[in-house]
Amino acid sequence: MEENGEINNIMRNGSITRKGSSSFRLGVVSGRKKDHTVVELGSIDTQRLLQTANNNGGREKQQSIFTNSLSLRQMKAVTALCDTIIPSVNEFAGGSDESVSKFYKTSASMAGTPDRVGAVICEGLKHPNTWLLKLVLWLLSTWFGTIILCGMACFSTQFPFLHNYPDLPLHKRQEIMHSWSSSCFRHLRMLFKTVKVLTLLVFFTQIDESEENPSWEAIGYCGPDPEFKTQLKNHFLEGRSNGGQEEKDVDAEEVIGPLYKGLVHLNYPRDITADALRQFGFSVSVTRKKTKTAASLSSPSLVIQCDAVVIGSGSGGGVVAGVLAKAGYKVLVLEKGGYSARNNLSLLEGPTMNQMYLSSGLIATDDMGVFILAGSTVGGGSAINWSACIKTPDHVRKEWCESNELELFESELYKEAMDTVCEKMGVQDGIEDEGFNNAVLRKGCQEMGYPVSNIPRNSPPDHYCGWCCMGCKDGRKKGTSETWLVDLVKSGNGAILPGCEAIKVLHKTKKGSDRKIAHGVAFEYEFKGTKDICVVESKVTIVACGALRTPPLLKRSGLKNPNIGRNLHLHPVTMAWGYFPDEPASEVWPEAQKKSFEGGIMTAMSPVVAEFEKSGYGAVIQTPALHPGMFSIVMPWVSGTDIKDRMRKFSRTAHIFALARDKGSGTVSSPSCISYQMEDTDEENLKKGIDKVLRILATAGAEEIGTHHKNGRTLKVKEVSCHEFEKFVKEESSRPLTGLSIPLCSAHQMGSCRMGSNPKESVVNQAGETWEMEGLYLADSSVFPSALGVNPMITVQAIAYCTAQSVLAALKRKRSR
């Protein structure tokens, strides 16, 4: 019993052990093992805490261990494809630098990339066409398949006259790659894009036992934030855990984060989990099974009772959970992702994508037209976003109020909500030092006479961090895990269950009515390699899974509203780049020490083509976070030598993008089946944006500029005439953005369960409650009536705050009965 009591404390305080694995992970070395000590945080030993994985019981699951099960034939094709994208190059202009020489001479197979790519294909990709990719890999290892996919390029004048793809010389394989990239058959273009993306992403994010990548030194990349490791080292050397309990709690919070006392992990036996939940004040019953049958909806392992269950902990769910718990209601938060404690962040691109991004960051529309990034961790998108905190624009609020008949958006409540969430996150627009990309954007705009302004952020003026897309190392970026969820924990009225996925909203039929009433949710989690099912019984249910996950959950729950999953908007993004040499140092701007991956990710914005004062449907111009993996997949691939030349310029290549407020829309049929179609006006707005971006880069002093079009065309700005420059800008900014010739990206998904004034056109009313089911509320970006046009975090939180007031009123009514 004493041992069980200690485990209870461990579960509540958020400590776990993590096992090693011999399987491959995206960006993670195989065969790596770390030993972690389980620590009771009531008596913290910071030296032991340094070794403790204080992230979550679900992180091991979230890292998604990928096992390669491709056949030998398929792997032969994968190896040939990877070595076509990244071959060994013996002739290059790299000087005598040993790291550069090694970089050029290292092929994908020499780095072990094909095995990792094979593992990702087997278990990491959830795209509906993954089966077709596996078939193509097999076909490429056969003579007839090679003829079908490669045409005459597989023939030669020498015996055996006909070659399988893996047996062709490099120059032939590269010719075939080019033919695929511009083929009239879309599936061949999709094949090229998939092979390129997987190979480059894995190659530039994979790490060895020392958490290093052999290419990083050559491209000028330092890996994880150097200040982060120094910060942890200094903290533990100070040995500040010798004081009283209050000081120990502060010490733990500073290193781990403020949520550790509110986490209940599910990687323990059900009795222990139940006891931990009871300590939070929840009523829990445990199902006793006489046989070893699996848990089911009719016979769940645990039944938990609470006032409100919130599914999702991001900018929507986190706000609702904090408001309700602070008001005195018992709130349980279910989070599909894991909890990444501050001291257990890797700030490594590959591992972070596995741990904190939905589907390991490997999401695309069904036609591969748009890459999609979404958060899947405690804190949701607010844990990995780029800090931008822009209030809902006036023209958008007016449109939603008048065109969509939603008075909420011009009400005093909504204005109060925006002010409240901004105050909560410490939003401010000061900047002490501007990072490389934003400095380029600001200077170019000022030189061109374009409007440019500071972007308000939920971080302080001196927050010079380019790794915020991988989690916040010190809590200075105030996402929900540093604000609203802290309210939940400190109230003593709530708990967070990471590593579990809601499978169905439970409901019953209202007496005397056809309308259903929500009364909780069933969720599943993995325990000792098997799925277990639990039920939460609640007075109200709040779904906040995001625009990609909320629609499938509602459909699985039996909701029939035809608007569920429709009207998806993505804020499509396209980029251009400019190279700023770092030599000679006396003539360098921005300063030679500034690198493209450092500094605040978003501090400057231009609305030069946003049309805020007209239709409201234009494009804003901002800067992205691009570490080597993401940088490599958006850059054009022309040849193995060319992509390595481009990567050598990585640290001094600025990127600026245009983001469209899209009229086009798509559908979410399932978590892995997403369709999307831009309208012509969206494409024209993005083209106008790229025209401005190219001018901004050139005017700011870029030596070389280009877009991401597959032909890889570039322009040496200082070596051409004005006429040649204008011709280049006109041609590059007028290229079609569809057809997979240029990568489009999305970090904002919205509108798939939109709010409206009637059930024929919407899924929820302006109180956030579904038309179809009483007591079921939605509180995420899926409820946006249309595309927003700017970064959505403030709008999501403001709507969620208003929805929380509606839920509070409903709970008060239920309590008074």
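Just above sits the structure.
Let me begin by describing the structure that accompanies this report. Predicted, not measured: the structure shown is a model, and the values here were computed from it. Throughout this description, residue numbers start from 1 for each chain and increase along the sequence as written. Note on the predicted model: pLDDT of at least 70 is required for a residue's local features to be given, and 80 or more for side-chain atom pairs to be given and counted; whole-chain, interface and lining totals, by contrast, use all residues. As a rule here, side-chain values cover all heavy atoms of the structure and leave hydrogens and water aside.

1. Observations regarding the pairing of strand β10 (residues 530-543)
Only protein chains enter the area calculation, which uses a 1.4 Å probe; residues under 20% of their type maximum are buried, those over 50% are exposed, and those in between are partly exposed. Each helix is a run of H or I in the DSSP string that is no shorter than four residues. Each strand is a run of E no shorter than two, and both are numbered from the N terminus. Here β10 lies mainly inside the structure; 10 of its 14 residues are buried. DSSP bridges decide pairing: two strands pair if at least two such bridges lie between them. Pairing of strand β2 (residues 302-311) with β10, which is carried by nine bridges, proceeds in the parallel orientation. Among the inter-strand pairings, Val-310 is bridged to a residue of β10, identified as Ile-542. The pairing of strand β9 (residues 516-527) with β10 spans eight bridges and is classified as antiparallel. Bridging across to β10, Glu-524 finds its partner in Ile-533. Hairpin connection between β9 and β10: a loop of two residues separates the two successive antiparallel strands, and Lys-528 in this loop has a positive phi of roughly 55°. As paired strands, β10 and strand β21 (residues 776-778) are joined by three bridges and run parallel to one another. If you follow Thr-541 over to β21, its bridge partner there is Leu-776.

2. Considering the pattern of salt bridges
When a carboxyl oxygen of Asp or Glu lies within 4 Å of a side-chain nitrogen of Lys or Arg, that pair is called a salt bridge. The tally for this structure, following the rule as stated, stands at 28 salt bridges. The salt bridge partner of Glu-227 is Lys-473, with a shortest N-O separation of 3.5 Å. Within this pair, whereas Glu-227 is found in helix α12 (residues 226-238), its partner Lys-473 is found in the loop between β6 (453-454) and α21 (484-491), the two being separated by 246 residues in sequence. On the basis of relative accessible area, Glu-227 is assigned to the exposed category, the value being 53%. With a relative accessible area of 6%, Lys-473 lands in the buried category. What you see here is one network of salt bridges that share partners, running through Arg-713, Glu-731, Glu-732 and Arg-735.

3. Description of the packing of aromatic side chains
By convention here, two paired aromatic rings are described through the distance between centres and the angle between planes. Here a Phe, Tyr or Trp ring, Trp counted by its six-membered ring, pairs with any other such ring whose centre lies within 6.5 Å, and the pair is stacked when the planes are under 30 degrees apart, edge-to-face when over 60, and tilted otherwise. Per the stated rule, a full pass over the model turns up 21 aromatic pairs. The interplanar angle of 0° and the centroid separation of 5.7 Å between the aromatic rings of Phe-597 and Phe-650 together place this pair among those described as stacked. Remark: Phe-650 occurs in the loop between α24 (640-648) and β14 (653-660) and Phe-597 occurs in the loop between β11 (573-579) and β12 (604-609); sequence separation between them is 53 residues. On the basis of relative accessibility, which here comes to 0%, the residue Phe-650 falls in the buried class. An angle of 90° between the planes, with centres 5.0 Å apart, marks the rings of Phe-631 and Phe-650 as edge-to-face.

4. A closer look at a nonpolar patch on the surface
A surface patch of nonpolar side chains, amounting to about 690 Å² of accessible area, comprises Trp-131, Leu-135, Trp-138, Trp-143, Phe-144 and Ile-148. Those elements that place two or more of their residues in the nonpolar patch are α7 (130-140) and α8 (143-150). Mapping Trp-138 onto the fold places it in helix α7. The class for Trp-138 is partly exposed, based on a relative accessible area of 34%. Put simply, a patch holds well-exposed residues, over 30% relative accessible area, that have no salt bridge, with like charges counted together within 9 Å and Val, Leu, Ile, Met, Phe, Trp or Tyr side chains within 5 Å. Throughout, the Shrake-Rupley method with a 1.4 Å probe supplies accessible areas, and for residues the shown protein chains are the sole cover considered.

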